[in-house]
Amino acid sequence: MASNSAFRTSLRSERQTSAKTNSSSVRSKPPYSKRSNLRPPSNNQDPVPGRVRVAVRLRPRNAEDLLYDSDFADCVELQPELKRLILRKNYWSSESFKFDEVLTDSASQRRVYDVVAKPVVESVLGGYNGTVMAYGQTGTGKTYTIGHLGKNDQSERGIMVRALEDIIAASSPESDTVAISYLEVYIQRSAKGKENNDVSGHENGNTVHLHSSNGVPIVLKSKLLIVDLAGSERIDKSGSEGHTLDEAKSINLSLTSLGKCINALAENSPHIPTRDSKLTRLLRDSFGGSARTSLIITIGPSARHHAETASTIMFGQRAMKVINMVNLKEEFDYESLCRKLEHQVDSLTADMERQRQLRDKDIEQIEKKLKECQNSFGESEKSFSAKCQLLEEENIRLEMEIKNMIETLNLEKDRNNLLSGEVARMEQNKEQHQHESSTYQKVLADTTQMYEKKITELIKQIENEYARSDGAQEQLAEAKKVISDQQKSLQMKGQKEMDVLGMKLQEMNQLHEIAVNELQCLKTENRELLSGKAILYDELQALRQKLSDEEKKRMFLEDEIVKLKIIVFDNNIDLEVKRPNMKDDFDGVPLGLRSPMSLLKSNQSREIISGQRASIAKIFEEGIFFHVILWKFGLQKILASLRSKDLDVQIHAVKVVANLAAEDSNQEKIVEEGGLDALLMLLGSSDNATIHRVASGAIANLAMNEMNQGLIASKGGIRLLANIASKTDDPQTLRMVAGAIANLCGNEKIHVMLKEDGGTKALLGMLRSGHSEIIGQIARGMANFAKCETRGINRGHKKGRSVLIADGALTWMIANSSTTSASTRRHIELALCHLAQNEENAEDFISSGAVKELVHISHDSPKEDLRNLAKKTLNKNPLFLAEMQIARKNQQ
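The structure contained in this document is the topic of the report that follows. (Residues numbered from 1 in each chain as written. Predicted model: local features only at pLDDT ≥ 70, side-chain atom pairs only at ≥ 80, totals over all residues. Heavy atoms only, no water.)

## Considerations on the side chain of S171
So, step 1. By the secondary structure assignment, S171 is in the loop between α5 (159–169) and β8 (185–186).
So, step 2. In terms of polar contacts, S171 uses its side chain to reach the backbone carbonyl oxygen of I167, at 2.5 Å. (Helix = DSSP H or I, 4+ residues; strand = E, 2+ residues; numbered from the N terminus. Polar contact = N/O pair within 3.5 Å; in protein donor to acceptor, adjacent residues only side chain to side chain.)

What follows is the structure in structure tokens.
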């Protein structure tokens, strides 16, 4: 059967669901009671919730694709913004498919996981089964997408590793259980939701877990299945033999059974053949079951595997029609409840013990602080007593000084009395001692005045000393009062601190309850924020719609502006094709492979001589000239002008057609209206060099389309181009002719006509010009011709020696393989590698020395794909190997 690999993880939540569970319910362990709920997950925005979501991922081109499809466009075109894939069978046939997600070849592993697997993982974490599966052809990147480990680069981790990381990150070791196996993932956990009968909701701002009516918790169980299916491919392509062939048959048989089941589910068949193989039995929940399923299909860009790519896309399209019934699996978990309650009792016991230890520690600290306060009070008391003693000694000293001052004052009074008696005696002898008396009286008055002043100062000092003594006594009284108050406060403080500690213990319990309530409030606010986020998302969607409407209005206004410019153009300019001034604007400008803007830039330096030509130049710069002409005259009138007898009209008309042919959207209309026939007619009938140059460029543009290539060859276009190449030496004309023939060389179906009508000889004949651009086109034509010719030989469509070698192209390629032009050198190297794959060309390669050039390419080519192709070609041909051995011996 098809190999599949995945892993299994079980996430089991065992959180507390009810605070009112009694002790008897803690010890009881009844068995699980199962039930199911068909509620879909709330995060699903799909209009069909259970539909299988399918994403497509494109693998980048590898070396093998570059080897076989180097000049062929990818068969797959992605439009990720429209979630659309276009599958091209050829240039004109394509189909469009719509998927849930379209991932380009540059999409990162992170983005693949986010859009494909992450929604399923989140749904599984919510209790729903999920499946992530990869399907596709071998080598398209299934295992890289699913199981890449990213050892060297973390950004390259696959879905399996990232899913396991998200599961572990969302799990809690205390309450969840994760189990892993090789096949499936099982994510068991407690559920949360709104309370409705037995479903939880909001109660006083607290989140209530899912629980039954008797308080038993409900456990959500889910599984995640990640499947990397083996690739399916045709046995004739894989080349399997023996045991590998038997294994491939078993793989294809299992994948066929899976396809039958998906077809039956998509068509609503009453019978689903899930018992046909082990693979379908393993995936019975993933398709049509109860799982949320995401399928990523991987495809490659190569057109060689178009059938396998189309089969893979159709498998994804059918899978998108499958709708699953997504179930929510819930179980009553009595054992979990018992374990949680036992854990809760142990936790509460430990908390009480911790609280008791904290209380004892606080009491010890309070007693220590009280002892420190008592010690501090004793030291303060001793310090205060010392200060009081000092104050008393100072008071005694002051009293002694006052007493001495009083005694001195008394002595002075006595002396004054003696002096007064002496004065009285001296007054009796006034007449005798008048002169002496007057002098003595003056001295006495001065002395008396001096003593009276001293007495007054001493009295003031005494009053100040009495005041200081009174202040010291007051300070002493206050100090005694402070000591008494401190003793009382210390006694009261110890009791108060004990009361404070008791209050703190009560506050701690209250804070614990408040913290629990706040936690519940925060959870409620979180849910409100999530709902607000959803509202903002809706507003964002409305804003995007408004911006889209504004963009449509802007585009409408731009269209109106273009219309107004055209009206101005009609009012100011005469757009007749025969206008002489138009010749000056177009002459001498090479067309063909160039865009319309290249015609405009060549004449911007000319002097504008009139207002009409200024308007024309402005329209040229805006790039709408040829569209205006097409809109004004219509394609039929322009093509009819190609057959005009007026040479100027023909020249202007062929230039317009050439520029219109540069756009793919115009080519089919030009061919249908006869534009190709008219261009070929001009090549055969006109002798004008300008017409030859421009018409060849127009045919080169049309020759980019495979269908047009066959028409050009069948209508004689190769012969006409070869004739022009032989007649002219104009480099621009030769470049256009060489480009047209080079495009035709890329079609294997017209190689015979290229040889018979002289196309290959004309291509080689243009080497005479020596012009680098012409040689580049010739080298490209040789590479296209050699690649298609070798492909036809390998498929058995052709045989024999190469036409290019018969025409002498090999010698020129060897001589110019070291040219300075990187593009020309690459085309020459590619042509040599493809020509060497034809065994009929081996002798020419050996005789001309081209084998040596192949060895040089295998070692020194700047392109890795060319180096690998050259090595493969040399190792495949035994003649080349023998020639290389001979060359090595000669060197030795």
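## Digging into the pairing of strand β4 (residues 84–88)
Along any regular strand the residues' side chains alternate between the sheet's two faces.
So, step 1. In this structure, strand β3 (residues 76–79) lies alongside β4, joined through four bridges in antiparallel fashion. Along β4, the bridge assignment pairs V76 with L87.
So, step 2. Linking two consecutive strands that pair antiparallel, namely β3 and β4, is a turn of four residues; a positive phi of about 55° is found at K83 within it.
So, step 3. Alignment of β4 against strand β5 (residues 94–98), held across five bridges, turns out to be antiparallel. Considered in β5, the bridge of L87 is made with E95. (Pairing = 2+ DSSP bridges.)

## Overview of the packing of helix α20 (residues 689–702) against helix α23 (residues 731–744)
Helix packing geometry: the angle between the two helix axes and the distance between the axes.
So, step 1. Contact pair α20 / α23: the axes reach a minimum separation of 8 Å and the direction vectors enclose 25°. One way to sum up the angle between α20 and α23 is to call them roughly parallel. For the crossing formed where α20 meets α23, the hand is left-handed. Only Q732, T733, M736, V737, G739, A740 and N743 of α23 make contact with α20, whose side of the interface consists of A689, H692, R693, S696, G697 and A700.
So, step 2. Taken together, the residues of the contact of α20 with α23 sort by class into five nonpolar, seven polar and one charged. (Axes fitted to C-alpha atoms, helices over the stretch in contact; angles between N-to-C directions. Parallel < 35°, antiparallel > 145°, perpendicular 65-115°, else oblique. Left-handed = near helix turned anticlockwise from the far one by under 90°. Contact = heavy atoms within 4.5 Å. Nonpolar A, V, L, I, M, F, W, Y, C, P; charged D, E, K, R; others polar.)

## Quick look at the nonpolar core
So, step 1. Grouped together as the largest cluster of nonpolar side chains are 84 residues, with contacts concentrated most on I741, M766, M782, M813 and F845.
So, step 2. If we skip the residues at most four places from it in the chain, I741 touches L721, L754, G759, A762, L763 and M766.
So, step 3. In this structure, V56, L229, L255 and I313 belong to the second largest nonpolar core, which totals 34 residues. (Core = buried A, V, L, I, M, F, W, Y, C linked by side-chain atoms within 4.5 Å. Buried < 20%, exposed > 50% of the residue type's maximum accessible area, 1.4 Å probe, protein only.)

## Remarks on the sheet that holds β4
Strands pair in a sheet through their backbones, by hydrogen bonds, and they do so in one of two ways: parallel or antiparallel.
So, step 1. The strand order across the open sheet formed by three strands is β3-β4-β5, and the pairing between neighbours is antiparallel. In this open sheet, the two edge strands, each paired with only one partner strand, are β3 and β5. Averaged over neighbouring strand pairs, the angle between their axes works out to 20° when direction is ignored.
So, step 2. Its contacts with the sheet put helix α9 (residues 306–319) on β3, β4 and β5, and the angle it makes with β4 is roughly 150°.

## A closer look at unusual backbone geometry
So, step 1. Within the chain, K83 stands out as a residue other than glycine whose phi angle is a positive 55°.
So, step 2. Within the fold, K83 resides in the loop between β3 and β4.
So, step 3. The exposure class of K83 is partly exposed, given its relative accessible area of 34%.
So, step 4. With phi around 55°, N268 is a residue other than glycine that occupies positive phi space.
So, step 5. The topology assignment puts N268 in the loop between α7 (243–266) and α8 (278–282).
So, step 6. By relative accessible area, N268 is classed as exposed at 68%.

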